[in-house]
Amino acid sequence: MRGAYLSYAAKRLTQAIVVILLTYVFTFVVVSILPGDPITNVLRDPQNGFTEDEIKAIVAAQGLDQPIPVQLWTSLSHFVTGDLGLSMRSNRPVTTLIAEVLPSTLILASAAFVIALLLAVTIGYGTQFLPKRFGQGLLRGLPSLFLSVPNFVIGLALIHIFGFQLGLFRVIAPNSFWATLFAAVALGIPVSARIAEVLIANLDNESEQEYAAVARGRGLGQMRLFAKHLLKPSSLPVVTVIALAIGELLGGSLITETVFGRTGIGSLVQRSVSTQDLPVLQAVVSLAAVVFVLVNLIADLVYPLLDPRVKLIGGPKYRPTTADDSSTATSQAVTS
């Protein structure tokens, strides 16, 4: 099992690297075939005061006068080594610009993820053990409600109630603890809805299985039954949703940071779009692809560890072994 798992992990890691490189190439090609020349347009802005000779010197220094394949190879080589180029507006390294705003976005996204996960698990627990007429119907409707309300509406409501009415935080201090907490709540509520919907459906299915009935017959407590017998087998599809939710957190941070006045990746992207700072845009898109691919890679690697019914068998070819294949898998294990 260990050898098969390591081979599977190596294969998935190779695929992830290929996807990241192809994403960078695709982004570069799209930027290169855009109509016009945003780079020289920025340099020729009268406010910058560059002469034609200076513009030619800058273009040559950046290698922009080379053929597209040469530019692509140079850019890709720099990307692999962590060199994301220079911003056309500030003439500062893109890595420096991203490093200045990335901690704020990571704090916001991490807090929103924790809130979304806790909220989804709480809703899932309530739908299994609360009396139907005292909460189950309401709890099962919450995910649909959360999905129907945009996060910027939730953010504006939180600012009005807890910022202006109750005075828990000041809008002019967006990085304070309470401001960050409520921004994370606004970002995490819609994400929790997707996780809760999948979790509730799988909890309903697992609670009807025979092993759950046996556990109840042994007098197992609700919390222990939920945590030990229902949550773990229900978490496998949830892992996929969580991996997809990471992308939603990164995308939603743009709106949430704007609503709460935070400085992060979202504000950097907004500023780069308005100023046509292509190196920054390309770097942010590439890094977002790296994060998304790595999160999905982790999800793929966690599957066999969460559910013992998922087996990697058959040498270099891998397929999930479900409950229907259990007798076959058992006989193969005994034979080997």
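Residues numbered from 1 in each chain as written. Predicted model: local features only at pLDDT ≥ 70, side-chain atom pairs only at ≥ 80, totals over all residues. Heavy atoms only, no water.

### Describing the overall build of the protein chain
In plain terms, the rule: The numbering of helices and of strands both runs from the N terminus, where a helix is a DSSP run of H or I of at least 4 residues and a strand a run of E of at least 2. Summary of the burial criterion: residues with accessible area below 20% of their type's maximum are buried, those above 50% are exposed, and those between are partly exposed, where the area comes from a 1.4 Å probe applied to protein chains only. Per-residue accessibility takes into account occlusion by the displayed protein chains alone, with areas from the Shrake-Rupley method and a 1.4 Å probe.
Within the protein chain, the regular secondary structure consists of 13 helices and zero strands. Beginning at the N terminus, the succession of helices and strands in the protein chain can be written as α-α-α-α-α-α-α-α-α-α-α-α-α. Out of the 336 residues in the protein chain, the part that is buried amounts to 38%. When the accessible surface of the protein chain is totalled, it reaches about 18,800 Å², and 66% of it is carbon and sulfur.

### Concerning the packing of helix H6 (residues 136-148) against helix H8 (residues 177-207)
Filter applied, for reference: Convention adopted: a line fitted to C-alpha atoms gives each axis, helices being fitted over their contacting stretch, and angles between N-to-C directions are expressed from 0 to 180 degrees. Any angle that is under 35 degrees is reported as roughly parallel, and any over 145 degrees as roughly antiparallel; angles of 65 to 115 degrees are reported as roughly perpendicular and all others as oblique. If you view the pair so one helix is near and one far, a crossing is left-handed when the near helix is turned anticlockwise from the far one by less than a right angle, and right-handed when it is turned clockwise. In this analysis, two residues are considered to be in contact whenever any of their non-hydrogen atoms come within 4.5 Å of each other. Here the term charged refers only to Asp, Glu, Lys and Arg, the term nonpolar to Ala, Val, Leu, Ile, Met, Phe, Trp, Tyr, Cys and Pro, and the term polar to all other amino acids, Gly among them.
With their axes 8 Å apart at the nearest point, H6 and H8 run at an angle of 150 degrees to one another. Between H6 and H8, the interaxial angle falls into the category roughly antiparallel. By crossing handedness, the relation of H6 to H8 is classed as left-handed. Judged by residue contacts, Arg140, Pro143, Ser144, Phe146 and Leu147 of H6 engage Ile189, Pro190, Ser192, Ala193, Arg194, Ala196, Glu197, Ile200 and Asp204 from H8. Its residues assigned to classes, the contact of H6 with H8 shows eight nonpolar, two polar and four charged.

### Looking at the UniProt feature "transmembrane region" (unreviewed entry) in the protein chain
Selection criterion: UniProt positions are given in the numbering used here, feature names are shortened, and annotations may be inferred rather than shown by experiment.
With numbering aligned to this structure, UniProt lists the feature "transmembrane region" (unreviewed entry) at residues 12-34, 106-125, 145-164, 176-196, 238-260 and 280-303. End C-alpha atoms of residues 238-260 are separated by 29 Å, and the span's content is 100% helix alongside 0% strand.

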